Amino acid sequence: LAVVEVSSRDGARVLACRAEGVTQLEDAGGSADLRVADNRVTSVDLRETGAPAAHASVIRSAGAGDVSIERNVLGGERGTGTAGVEIRPPEGALHRVSRNRISGYADGILGEGPGRADVSRNRVERCTNGINLAGAVTAVDWDVTGNRVNDVLAVGLFLGDGDGCRVRENDVRRAGGDGINLGGVFLDVRRNRARFDAGTGLFGETASSDYYFNKAKRCGKGIRVQGTGNRLKRNRASKNFGDGLVSTGGNVNVEGNRGRKNGGVQVSIH
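Quantities reported herein were computed from a predicted structural model and do not represent experimental measurements.

## What to know about the overall build of the chain
Here is step 1: Along its length, the chain carries zero helices and 35 strands.
Here is step 2: In the chain, buried positions account for 54% of the 270 residues.
Here is step 3: Residue pairs at least 24 apart in sequence account for 39% of intrachain contacts in the chain once pairs closer than 6 positions are excluded.
Here is step 4: Counting every atom, the chain has about 11300 Å² of accessible surface; 45% of that belongs to carbon and sulfur.

Have a look at this one:
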C-alpha cells in the first residue's frame, strides 16, 4: 500500500508513474504549481489505506498554486467515499483536470471550492457518479467542457451550485439517474448530449441561464428546466419515455425548441 504526500511549496511534478494496489497522491497544500500527468494507477478500495473518507482519492489536491492533472489512467473497485480525482481549489487558484480516463469509483471526478476549475475532455465510466461538482460551495467561473461519461449508477454530470459557469459539449450516456443535473445562476449550457439515461437527460434548476443547442434522446425524460429568466434556444428532445422539453418558472425566453416522438408532452413552456 502507498500513500504519497506531495508538497507543492517549491513546485512539483509527478509524471509517468505506474502503480498497482492502493495508491494515493495528495497535494499537501503548498503555494507553488503542481503537475500530475501521464500516470497509470490500478487501485482497490482506498479505505484500506486508513485515510479518512474525505481523503480516499487516488489524486487529491487542495494546493494554493495552480494545479494540472492530465492524461492519467485511474482504475479501481467502487467503494463508498472513493474518488479518482478530487480537487478543492482555494480562492486565487486554478485547478485543471483534463484528458484523464477514470473508472470504478464512487465519484470519478469530485470537485468543490471557491477557486476556479477547468474540468475538460475527461472520460469517466462505471462509477457511481461520473463528475460530481459543487455540492455545498458555489462554483464560480468554472469550465466543464467536452467530457464523456458512460455507464454510471447515479448521476452522470452534477453541478450543484454554479455561478457564471460554462457547461458545454458534454456527452452522457446510460446514467442510472439524471444524465446532466445543474443548479445555479448565469450558467452557459450548450451543445450537451444526453442519451439512454434513466432519469432526465438534462435537468436544470437555475435562474438567468442559457440553454442552447442541447439534445436529449431515449432518456426517462428529455430536458426539464426550472427557474426564472432562463433562455432556451434550439434544444432537441426525441424518443424519450416521458416528456420531451418542459420549462417552468416564468420570464422564459424561448426560440426554436423541438420535441419529437416523446412519450409525454413534446414541448411545454409556462
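## Structural notes on the nonpolar core
Here is step 1: Core analysis: the largest hydrophobic core is formed by 44 residues, its most contacted members being Leu 74, Val 85, Ile 131, Leu 159 and Leu 182.
Here is step 2: The residues touching Val 85, leaving out its near neighbours within four places in the chain, are Ile 59, Ile 69, Leu 74, Val 97, Ile 102, Gly 108, Ile 109 and Leu 110.

## A closer look at the pairing of strand β20 (residues 157–163)
Here is step 1: The pairing of strand β16 (residues 129–133) with β20 spans three bridges and is parallel. Looking at β20, one finds that Asn 132 is bridged to Phe 158.
Here is step 2: Here two bridges tie strand β17 (residues 139–140) to β20, and the two strands are oriented parallel to one another. Paired with Ala 139 across the bridge in β20 is Gly 162.
Here is step 3: The pairing of β20 with strand β23 (residues 180–185) spans five bridges and is classified as parallel. Directly across from Asp 163, in β23, lies its bridge partner Val 185.

## Here's the deal with the side chain of Asp 197
Here is step 1: Relative to the helices and strands, Asp 197 is located in the loop between β25 (193–195) and β26 (200–207).
Here is step 2: Leaving out residues up to four positions away in the same chain, Asp 197 has contacts with Val 172, Arg 173, Arg 174, Ala 175, Gly 177, Gly 179, Arg 218, Cys 219 and Gly 220.

## Observations regarding the packing of aromatic side chains
Here is step 1: Applying the stated criterion across every chain, the model contains one aromatic pair.
Here is step 2: Here the basic side chain of Lys 233 rests over the ring of Tyr 212, its NZ or CZ set 5.8 Å away from the ring centre.

## Concerning the pattern of salt bridges
Once the charged atoms of two side chains with opposite charge are near each other, the side chains can pair.
Here is step 1: Within this structure, the stated rule accounts for 19 salt bridges.
Here is step 2: Arg 166 is the salt-bridge partner of Asp 143, the closest N and O atoms lying 2.5 Å from each other. Pair noted here: Asp 143 is in strand β18 (residues 143–145) and Arg 166 is in strand β21 (residues 166–168), with a separation of 23 residues, a long-range link.
Here is step 3: On the accessibility criterion, Asp 143 (18% relative accessible area) is buried.
Here is step 4: Exposure remark for Arg 166: the relative accessible area of 18% places this residue in the buried category.
Here is step 5: Look at the salt bridges and you will find they share partners, linking Asp 38, Glu 70, Arg 71 and Arg 99 into a network.

## A closer look at the pairing of strand β13 (residues 107–111)
Here is step 1: When you tally the buried positions in β13, you get five out of five residues, the bulk of the element.
Here is step 2: Of the strand pairs in this sheet, strand β10 (residues 83–87) and β13 are connected by four bridges, and their pairing is parallel. Bridge pairing in β13 places Ile 87 opposite Gly 111.

## Let's talk about the environment of Val 137
Here is step 1: Residue placement: Val 137 occurs in the loop between β16 and β17.
Here is step 2: What makes Val 137 partly exposed here is its relative accessible area of 32%.
Here is step 3: For the pair Val 137 and Glu 112, spaced 25 residues apart in sequence, the C-alpha separation works out to 6.2 Å.
Here is step 4: Setting aside anything within four residues of it in sequence, one finds Val 137 in contact with Glu 112, Gly 113, Pro 114 and Asp 161.

Definitions and cut-offs
- Residues numbered from 1 in each chain as written.
- Predicted model: local features only at pLDDT ≥ 70, side-chain atom pairs only at ≥ 80, totals over all residues.
- Heavy atoms only, no water.
- Helix = DSSP H or I, 4+ residues; strand = E, 2+ residues; numbered from the N terminus.
- Buried < 20%, exposed > 50% of the residue type's maximum accessible area, 1.4 Å probe, protein only.
- Contact = heavy atoms within 4.5 Å.
- Areas by Shrake-Rupley, 256 points an atom, 1.4 Å probe, with all protein chains shown as cover.
- Core = buried A, V, L, I, M, F, W, Y, C linked by side-chain atoms within 4.5 Å.
- Pairing = 2+ DSSP bridges.
- Phe/Tyr/Trp six-rings, centres within 6.5 Å; stacked < 30°, edge-to-face > 60°.
- Lys NZ or Arg CZ within 6 Å of the ring centre and 35° of its normal.
- Salt bridge = Lys/Arg side-chain N within 4 Å of Asp/Glu carboxyl O.

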